[in-house]
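# Summary of the model geometry
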Amino acid sequence: MKSRLLKIARLPAMLDEQLHARYEVVEAGEDGSGLSAATDDIRAMVANGESRVSRELIGRLPALQLIVVFGVGYDGVDVQAARERGIQVTHTPDVLTDDVADLAITLLLGIARNTRQADQFARSGAWANGPFPFSRKVSGARLGIIGLGRIGAAIARRAAGFEMSVAYTGRRPQAVDYRYYPSALELAAAVDFLVVAVGGGASTFHLVDAQVLEALGPEGYLINVGRGSVVDEAALADALAHRRLAGAALDVFENEPHPHPGLLALDNVLLAPHMASATWSTRRAMSDLVLANLQAWADGKPLPTPVPE
Ligand code: NAP
Ligand code: 8YV
């Protein structure tokens with residue numbers, strides 16, 4: 001008989017098929033809402049970067065032993081509550097780093113060079129009336145990265161190809177050649193493009209607030225591929241609307257799938273629907289890692305990618 005597995009995330013069909021082949025899959029909303037079936041025998045759960053695995057949800061699953069996150073960010077999981085129960089938590093680091101860094105650069109180039117408007121300009125016939133307005137040069141500009149982790153470092157490596165100077169902030173300086181600033185505020189004041197590559201959670205909530213945006217200034221651009229909660233989106237919409245910031249390009253939002261309404265009509269904004277890791281090959285690699293963690297757990301072996309202690 002197949003054992004039961006709780007799924008509280010939208011997953012690629014390639015992973016769904018594998019899960020259904022191996023388990024009796026019980027589905028619920030991203031925060032476990034709608035979970036009506038008996039939960040006493042559910043020992044494993046699959047979530048994603050957007051899921052909310054609260055202490056309350058964990059409490060409703062007395063047999064739970066494993067939480068597998070399809071994604072690297074696990075800020076939605078109450079890891080402390082899981083640890084108190086001896087429940088293991090895994091995620092999918094590394095395999096998505098390249099894609100997320102690639103999209104950060106795509107967004108940076110897109111917002112600086114106005115590629116969204118350029119496409120429309122070329123399609124619409126407006127081109128016949130004169131040339132496209134000038135945009136902002138990227139090569140040689142100053143890049144600031146909030147969170148020089150796996151993804152932040154990959155963005156920095158890509159920026160070297162554009163001869164950008166790189167600076168960063170984090171909780172502590174690292175043994176790297178990039179300049180370190182102890183706060184997001186000081187970093188913002190020193191760069192042209194500020195990229196958020198840090199995860200969510202209480203310690204990074206609204207790290208980019210109105211003051212940081214003010215410091216980035218009317219010539220500055222914000223790019224966010226980290227988590228929506230890191231940026232005060234209302235303050236961002238206000239700064240953009242009043243041109244106190246040159247532009248913003250965002251893949252993640254405070255209230256997904258609903259970007260702040262104040263952002264939607266602005267022409268100095270480029271939006272993406274949380275798709276930085278959504279390429280075929282990376283989603284396959286993430287799916288494989290989810291299955292590998294589930295299999296290792298079932299076999300009583302060490303888990304390939306547990307979240308750090
Ligand atoms: P990582 O290697 O753990 O990097 C996170 C970095 O953030 C670390 O270098 C850490 O440096 C820094 N950091 C942690 N807490 C901080 C704080 N309170 N203030 C300032 N810096 C802090 O993780 P990763 O693999 O690069 O992933 C980073 C995040 O990207 C994920 O957590 C996820 O939210 C996001 N992500 C988004 C997408 C997407 O689709 N848009 C896809 C994948 C990941 P220190 O320890 O030195 O502070
Ligand atoms: C995914 C992410 O889009 O890895 C993360 O933290 O945010 C993304 O890679 C997400 O987990 C899948 O929904």
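Because the structure is a prediction, the values reported are computed rather than measured. Throughout this document, residue positions are counted from 1 along each chain, in the order its sequence is written. Note on labels: chains are lettered from A, ligands numbered from 1, in written order. Only residues with pLDDT of at least 70 get local features here, since the model is predicted, and only at 80 or more are side-chain atom pairs given and counted; chain-wide, interface and lining totals rely on the full set of residues. Each side-chain value is worked out from all heavy atoms of the structure, with water and hydrogens disregarded.

### Here's the deal with the site of ligand 2
Basically, it comes down to this: Think of it this way: one heavy atom of a residue within 4 Å of a molecule or strand is enough to make that residue near it. Polar contacts here mean pairs of N or O atoms no more than 3.5 Å apart (in protein, one a potential hydrogen donor and the other a potential acceptor; neighbouring residues in sequence count only if both atoms are side-chain atoms). Each accessible area is a Shrake-Rupley estimate made with a 1.4 Å probe; only the visible protein chains count as cover when residues are assessed. As a working rule, the residues Ala, Val, Leu, Ile, Met, Phe, Trp, Tyr, Cys and Pro are called nonpolar, Asp, Glu, Lys and Arg charged, and the rest polar, with Gly in that last group.
Surrounding ligand 2, one finds 13 residues, the nearest of these being E50, V72, R227, H274 and S277. The backbone of G49 places a nitrogen or oxygen atom 2.9 Å from an oxygen atom of ligand 2. Considered on its own, ligand 2 offers 330 Å² of accessible surface; in the complex 91% of this is hidden by protein. In terms of residue class, the shell around ligand 2 is made up of four nonpolar, six polar and three charged.

### Focus on the environment of L264
Filter applied, for reference: A run of H or I in DSSP counts as a helix once it spans at least four residues, and a run of E counts as a strand once it spans at least two, with each numbered from the N terminus. Residue contacts are counted whenever heavy atoms from the two residues lie within 4.5 Å of one another.
One can find L264 in helix α10 (residues 261-264). Linking L264 and I42, residues 222 residues apart in sequence, is a C-alpha distance of 41 Å. Sequence-distant contacts of L264, that is, excluding residues within four places in its chain, are made with P259 and L271.

### A look at the packing of helix α4 (residues 97-113) against helix α6 (residues 150-160)
When two helices pack together, you describe them by how their axes are tilted relative to each other and by the distance separating the axes. To keep things clear, this is the line we draw: The axes used here are C-alpha line fits, helices contributing only the stretch in contact, and every angle between their N-to-C directions lies in the interval 0 to 180 degrees. Here roughly perpendicular refers to angles of 65 to 115 degrees, roughly parallel to angles under 35, roughly antiparallel to angles over 145, and oblique to all remaining angles. For a crossing to be left-handed, the near helix must be turned anticlockwise from the far one by less than a right angle; the clockwise case is right-handed.
Their axes nearest at 8 Å, the elements α4 and α6 cross at an angle of 55 degrees. Compared by their axis directions, α4 and α6 come out oblique. The two elements α4 and α6 meet at a crossing, and its hand is right-handed. Contact residues: T97, D98, V100, A101, D102, A104 and I105 in α4; R150, I151, A154, I155 and R158 in α6. The residue makeup of the contact of α4 with α6, split by class, is seven nonpolar, one polar and four charged.

### Examining the domain arrangement of the protein
The test is simple: Where each domain begins and ends is defined by an automated method or by a domain database. Buried area is a sum: the accessible area each of two parts loses on coming together, probed at 1.4 Å, counted once for each and added. By convention in these notes, a salt bridge is any Lys or Arg side-chain nitrogen within 4 Å of a carboxyl oxygen on Asp or Glu.
In terms of domains, the protein is made up of domain 1 (4-94 + 280-298) and domain 2 (97-271). The C-alpha centroid of domain 2 is placed 31 Å from the C-alpha centroid of domain 1. Contacts between domain 1 and domain 2 engage nine residues on the former and seven residues on the latter. Together, the buried faces of domain 1 and domain 2 total about 610 Å²; carbon and sulfur atoms form 39% of this surface. When residues of domain 1 are sorted by the area they lose upon contact with domain 2, D75, D94 and T282 head the list and together hold 63% of the total. Counting the contacts that link domain 1 with domain 2 gives one salt bridge. Residue R227 pairs with D75 through a salt bridge whose shortest N-O separation is 3.1 Å. Across the contact surface, domain 1 and domain 2 share three residue pairs in polar contact (both at pLDDT 80 or more).

### Some details on the site of ligand 1
Neighbouring residues of ligand 1: 24 residues in total, closest R150, I151, R171, V225 and D251. L148 places a polar main-chain atom, nitrogen or oxygen, 3.3 Å from an oxygen atom of ligand 1. The separation between a nitrogen atom of ligand 1 and a polar main-chain atom of V225 is 3.1 Å. In terms of residue class, the shell around ligand 1 is made up of ten nonpolar, nine polar and five charged.

### Details of the layout of surface pockets
Going by this rule: Detection works on a 1 Å grid of protein atoms alone, calling trapped sets that fit a 1.4 Å probe cavities and calling open sets with protein on both sides within 12 Å along at least five of seven lines pockets, with lining residues defined by an atom within 4 Å of a point. Grid points are joined across faces, edges and corners, and a volume is the space filled by probe spheres set on the points.
Its boundaries defined by the atoms lining it, the second largest pocket holds a volume of some 210 Å³. Residue lining of the second largest pocket: 14 residues in total, with I111, N114, Y221, D267 and N268 positioned closest to the centre. Residue composition of the lining of the second largest pocket, by class: seven nonpolar, four polar and three charged.

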